[in-house]
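Spelled out from the first residue to the last, the chains are:
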Amino acid sequence: MSTPKQAVKEILEELPTLLAVAVVETETGMALASHTNIADFDIDTAAAYNTEVVKQKLKAIQALKLNQTVQDILLTLTDQLHVIKLSPAGDKFIYLAVNSRDTNLAVARQVLKAQTAVLN
């Protein structure tokens, strides 16, 4: 099993050009570990708002009576990709922001999948 700090370290090693990454507690929105390569990127604010995105998506799935679980949530911005990957238990998620010119989406998703699978 991997701790949140270990997960952030591993992701940073595999995606060194990332903009920001955080392991977030789904219930509280608190970043358990984080890193940003941009001085003015407020990772704690991003963690809190993305927690609301996760919670609302889970509510929508429940309201629609879909027998599904959220694997990841992708937000595409003008020149950034933001990926939210839930842990298997759903109690944590990894939030990743990358520049779409620097990072291949498939690679980023694989890195997140590997890290959420072992997140404790």
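Scroll up for the structure.
Not measured: the values here are computed from a predicted model.

1. Points about the sheet that holds strand 4 (residues 80-86)
Strand pairing in a sheet takes place through backbone hydrogen bonds and is either antiparallel or parallel in direction. With antiparallel pairing, the five strands of this open sheet are ordered in space as 2-1-5-4-3. On the outer flanks of this sheet lie strand 2 (31-36) and strand 3 (72-76), each paired with one strand and no other. Between one strand and the next, the sheet's axes are offset by a mean angle of 10 degrees, whatever the strand orientation. Pairing geometry for strand 4 and strand 5 (residues 92-99), over seven bridges, is antiparallel. From the neighbouring strand, histidine 82 faces strand 5, where its bridge partner is alanine 97. In this fold helix 2 (residues 43-63) packs onto strand 1 (20-25), strand 2, strand 3, strand 4 and strand 5, with an angle of close to 120 degrees to the strand it touches most, strand 5.

2. What to know about the pairing of strand 3
For a regular strand, side-chain orientation follows a simple rule: the groups alternate between the two sheet faces. Bridge count for strand 3 against strand 4 is five bridges, and the pairing is antiparallel. Within strand 4, the residue paired with threonine 76 across the bridge is leucine 81. In sequence, strand 3 turns back onto strand 4 through a hairpin of three residues.

Parameters and conventions
- Along each chain, the written sequence defines residue order, and numbers are assigned to residues from 1.
- pLDDT decides what is reported in this predicted model: residues at 70 or higher carry local features, side-chain atom pairs at 80 or more are listed and counted, and totals for whole chains, interfaces and linings draw on all residues regardless.
- The basis for every side-chain value is the complete set of heavy atoms in the structure, and neither hydrogens nor water enter the calculation.
- Pairing between strands is defined by DSSP: at least two bridges between them are needed.
- By the criteria applied, helices consist of DSSP H or I runs no shorter than four residues and strands consist of E runs no shorter than two, each listed in order from the N terminus.
- Note on method: axes are straight lines fitted to C-alpha atoms, helices fitted across the in-contact stretch only, with angles between N-to-C directions ranging 0 to 180 degrees.
- Residue contacts are defined here by distance: any two heavy atoms, one from each residue, within 4.5 Å place the two residues in contact.

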